[in-house]
Amino acid sequence: MNANSPAARDVRHVLHGYVELKAQRESLPTVITAGEGIYVKDENGTPYIEAASGMWCTSLGFGEEELVEAAAEQMRKLPYYHTVGYKSVNPAIDLAEKLAEMAPIKDARVYFALSGSEANDALVKFIRYYNNAVGRPQKKKFIARHNGYHGATVATTSLTGIPINHVAFDLPLPGFLHTTDPHYLHHAHAGETREAFAERLARELDEMIEKEGPDTVAAFMAEPITGAGGVIIPPEPYYEKVQEVLKKHDVLFLDDEVVNGIWRTGKLWGAETMGIAPDTMTVAKGLTSAYQPLSALILSDEIYRGMEKGSLGVGFFAHGQTYSGHPVSCAVALKVLEIIETRDIGGHVGRVSPTFARRLQKLGEHPLVGDVRCKGLIGAVEFVADKKTGRLFDPSGVVARRIKERAESAYKLITRNVPSGDSIAFSPPLIITESEIDEVFDRFEKAVNDVMGELAREGAIAA
Ligand SMILES: Cc1ncc(COP(=O)(O)O)c(C=O)c1O
């Protein structure tokens, strides 16, 4: 091993996120150097299928020249200016107008940041500011869900409901609560129907708000379909009942569309797919197809007017960021939205997603698989120790990690293992074709069969 290879130098100096730090000293990273369509290449030129779109984000795939051109053109014209104070830039104005038109929120107002975490973090501040402004300073608690993922800052890790993200960081902060993850396979009572499960979870949320005191609870945050926490699709009538509860207690619905947004779930927004009328939306990832960092926080007119009133009261809206409304990021987002319209990416997702669903459902018949979930081009498969009883592997996560690693090393397929039992998620670029979807699952099935053979030989499952 060459001590000066990029991978060896990485191990010496780069601090990676979401790794076991000690193991990272011995594990050389795969250094990705190029990409085209749904493929990325490592430094040896080996192609991999990127069936996770990186971090659920390169929706238009790699090597999209029109996006490169849009960034270069904007850089030549104006590489940087901002939307702080009384300055603005045209790409931010155009993009805010476009998002306000697209969002299912009337007279929406848009704030720009650079990542999903930053937008959700700003949202926590804005909701506090809003409730101070409208004269209810005690209405400050946030409820999110176990296994929801909302970011990595202090406040958004607190919103996140994944225990490993809290441990050793002294989080969540006070005032951040979590309600049951709507994962039927994991949390349904014996004999409970999907509908009864959904209704019970809404009742539990109601009881939680009542117990905390409705006048202390500001907002409920959820991804319409939980992404990183395992691609969890709540059964009906979950959102209908949850929204009734929130309305009753005057609690806002903060819709995290960071993964769901821009056609991932088969419709423009996850809110549309799941029947949600949100008060705010957070959008990132697919907004620029990850060619530039950008996130947008879309607020209802009511919240904005409240904040405006507060600004008069306290004199100044003391929040802003150097890169808010960055013209290059906004220009790339505008080009993404244009491509989505002119190439009818939504229609394409509608045409190819039945193949995606069919291949996932076929995996559902596999002896190691206990559950499959999908909508549009987001899906997951969950492995269980006993298909008949649905018994999960213990400890959880090891088998999924092993299958993910096997798919990557032996079959050059990148997927994502997610912390919901032993689940692996798929969120390929939205431009994927039907034959490419078949190639993803052909490779994946080989990895599953390899690992199943090993588990049987090791006695971890019945042979
Ligand atoms: C639903 C959701 N919200 C927020 C975030 C945080 O976004 P970022 O990683 O860009 O900070 C993520 C990241 O995966 C996410 O999946």
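Everything here concerns the structure above.
Throughout what follows, the structure given in this document is the object of discussion. The structure presented is a predicted model; accordingly, all values stated were derived computationally and were not measured.

## Here's the deal with the overall build of the chain
Turning to step 1, where the next piece is worked out: If you tally the helices and strands in the chain, you get 17 helices and 15 strands.
Turning to step 2, where the next piece is worked out: A globule of 463 residues ought to have a C-alpha radius of gyration of about 23 Å, and the chain, at 22 Å, matches this closely.
Turning to step 3, where the next piece is worked out: Across its three principal axes, the chain shows a C-alpha extent of roughly 70 × 60 × 45 Å.
Turning to step 4, where the next piece is worked out: The proportion of buried residues among the 463 residues of the chain is 52%.
Turning to step 5, where the next piece is worked out: Of the accessible surface of the chain, which amounts to about 20,700 Å², a share of 53% is contributed by carbon and sulfur atoms.

## Details of unusual backbone geometry
Backbone phi values are negative for most residues with the exception of glycine, while trans is the configuration of most peptide bonds.
Turning to step 1, where the next piece is worked out: Backbone torsion omega between glutamate 236 and proline 237 reads 5°, so that peptide bond is classified as cis.
Turning to step 2, where the next piece is worked out: In this chain, aspartate 394 is followed by proline 395 through a cis amide linkage whose omega measures 0°.
Turning to step 3, where the next piece is worked out: Relative to the helices and strands, proline 395 is located in the loop between strand S12 (378-383) and helix H16 (398-411).
Turning to step 4, where the next piece is worked out: A positive phi angle, close to 70°, is found at alanine 168, a residue other than glycine.
Turning to step 5, where the next piece is worked out: Relative to the helices and strands, alanine 168 resides in the loop between helix H8 (163-166) and strand S6 (176-179).
Turning to step 6, where the next piece is worked out: At lysine 285, a position not held by glycine, the phi torsion is positive, near 35°.
Turning to step 7, where the next piece is worked out: Counting through the fold element by element, lysine 285 comes out in the loop between strand S9 (280-283) and strand S10 (295-299).

## As for the site of the ligand
Turning to step 1, where the next piece is worked out: Near the ligand you find Ser115, Gly116, Ser117, Asn120, Tyr149, His150, Gly151, Glu223, Asp256, Val258, Val259 and Lys285, and these make up its full shell.
Turning to step 2, where the next piece is worked out: Within the backbone of tyrosine 149, an N or O atom sits 3.4 Å from a nitrogen atom of the ligand.
Turning to step 3, where the next piece is worked out: Aspartate 256 is positioned with one of its side-chain polar atoms (N or O) 2.7 Å from a nitrogen atom of the ligand.
Turning to step 4, where the next piece is worked out: Looking at which element gives the most residues to the shell around the ligand, the answer is helix H6 (residues 116-133), with three residues.

## As for the environment of glycine 346
Turning to step 1, where the next piece is worked out: Of note, glycine 346 is situated in helix H15 (residues 345-363).
Turning to step 2, where the next piece is worked out: Taking the C-alpha atoms as reference, glycine 346 lies 33 Å from glycine 397; in sequence the two are 51 residues apart.

## Notes on the packing of helix H10 (residues 194-212) against helix H11 (residues 238-248)
Turning to step 1, where the next piece is worked out: For the pair H10 and H11, interaxial distance at closest approach is 8 Å and the crossing angle is 20°. Comparing the axis directions of H10 and H11 gives the class roughly parallel. Here the hand of the crossing between H10 and H11 comes out right-handed. Only Tyr238, Lys241, Val242, Val245, Leu246 and Lys248 of H11 make contact with H10, whose side of the interface consists of Ala198, Glu199, Leu201, Ala202, Leu205, Asp206, Ile209 and Glu210.

## Topic: the pairing of strand S1 (residues 32-36)
Turning to step 1, where the next piece is worked out: Of the pairings in the sheet, the one linking S1 to strand S2 (residues 39-42) comprises four bridges and is antiparallel in character. Across the sheet, the residue bridging to isoleucine 32 is aspartate 42, located in S2.
Turning to step 2, where the next piece is worked out: Where S1 hands over to S2, the hairpin turn is made up of two residues, of which glycine 37 adopts a positive phi near 60°.

## Focus on the nonpolar core
Turning to step 1, where the next piece is worked out: Counting 94 residues, the largest nonpolar core has Leu99, Phe112, Phe220, Phe383, Ile403, Phe426 and Phe444 as the members making the most contacts within it.
Turning to step 2, where the next piece is worked out: Apart from residues no more than four positions distant in its own chain, phenylalanine 383 is found in contact with Leu368, Val369, Gly370, Phe393, Val399, Ile403, Asp422, Ile424, Phe444 and Val448.

## Details of the packing of H16 against helix H17 (residues 434-458)
Turning to step 1, where the next piece is worked out: At their nearest, the axes of H16 and H17 sit 9 Å apart, and the two run at 125° to each other. With respect to H17, the axis of H16 lies oblique. Considering the relative orientation of H16 and H17, their crossing is right-handed. Mapping the contact onto sequence places Val399, Arg402, Ile403, Arg406, Ala407 and Tyr411 in H16 and Arg443, Phe444, Lys446, Ala447, Val448, Asp450, Val451, Glu454, Leu455 and Glu458 in H17.
Turning to step 2, where the next piece is worked out: In terms of residue class, the contact of H16 with H17 is built from nine nonpolar, no polar and seven charged.

## Some thoughts on the pattern of salt bridges
Opposite charge on two side chains lets them pair, provided their charged atoms get close.
Turning to step 1, where the next piece is worked out: Considering all chains together, one arrives at 25 salt bridges under this definition.
Turning to step 2, where the next piece is worked out: As a salt-bridge pair, arginine 351 and aspartate 344 come within 3.9 Å of each other at their nearest N and O atoms.
Turning to step 3, where the next piece is worked out: Measuring nitrogen to oxygen at the nearest pair gives 2.9 Å for the salt bridge that ties arginine 373 to glutamate 382. Glutamate 382 shares its class with arginine 373; the two are buried.
Turning to step 4, where the next piece is worked out: Connected via shared salt-bridge partners are Arg359, Lys362, Asp438, Asp442 and Glu445.

## Looking at the sheet that holds strand S13 (residues 413-414)
Turning to step 1, where the next piece is worked out: Ordered in space as S1-S2-S3-S13, the four strands form an open sheet in which the pairing is mixed. The sheet is open, and its two borders are formed by S1 and S13, each paired with just one other strand.

## What about the sheet that holds strand S7 (residues 217-222)?
As a general point, the strands of a sheet are linked pairwise by backbone hydrogen bonds and lie either parallel or antiparallel.
Turning to step 1, where the next piece is worked out: Across the sheet, which stays open at both edges, the seven strands sit in the order S4-S10-S9-S8-S7-S5-S6 with mixed pairing between neighbours. For this open sheet the edge positions go to strand S4 (109-113) and S6, each flanked by a neighbour on one side alone. For this sheet, the mean inter-axis angle between neighbouring strands, taken without regard to orientation, is 20°.
Turning to step 2, where the next piece is worked out: In this sheet, S9 lies alongside strand S8 (residues 252-256) in parallel orientation, the contact comprising three bridges. Looking at the pairing, leucine 254 lines up with threonine 280 of S9.

## Concerning the side chain of aspartate 422
Turning to step 1, where the next piece is worked out: Residue position: aspartate 422 is located in strand S15 (residues 422-426).
Turning to step 2, where the next piece is worked out: Within the buried core, aspartate 422 has no salt-bridge partner, and the shortest N-O distance to an opposite charge, that of arginine 401, equals 7.8 Å.
Turning to step 3, where the next piece is worked out: For aspartate 422, the side chain forms a polar contact with the main-chain nitrogen of valine 399, separated by 3.0 Å.
Turning to step 4, where the next piece is worked out: Residues contacting aspartate 422, with those up to four places away along its chain left out, are Val381, Glu382, Phe383, Phe393, Ser396, Gly397, Val398, Val399 and Ala400.

The rules behind each value
- Residues numbered from 1 in each chain as written.
- Predicted model: local features only at pLDDT ≥ 70, side-chain atom pairs only at ≥ 80, totals over all residues.
- Heavy atoms only, no water.
- Helix = DSSP H or I, 4+ residues; strand = E, 2+ residues; numbered from the N terminus.
- Rg over C-alpha atoms; globule rule 2.2 N^0.38 Å.
- Buried < 20%, exposed > 50% of the residue type's maximum accessible area, 1.4 Å probe, protein only.
- Areas by Shrake-Rupley, 256 points an atom, 1.4 Å probe, with all protein chains shown as cover.
- Near = heavy atom within 4 Å.
- Polar contact = N/O pair within 3.5 Å; in protein donor to acceptor, adjacent residues only side chain to side chain.
- Axes fitted to C-alpha atoms, helices over the stretch in contact; angles between N-to-C directions.
- Parallel < 35°, antiparallel > 145°, perpendicular 65-115°, else oblique.
- Left-handed = near helix turned anticlockwise from the far one by under 90°.
- Contact = heavy atoms within 4.5 Å.
- Pairing = 2+ DSSP bridges.
- Core = buried A, V, L, I, M, F, W, Y, C linked by side-chain atoms within 4.5 Å.
- Nonpolar A, V, L, I, M, F, W, Y, C, P; charged D, E, K, R; others polar.
- Salt bridge = Lys/Arg side-chain N within 4 Å of Asp/Glu carboxyl O.
- Lys, Arg positive; Asp, Glu negative; His and termini not counted.

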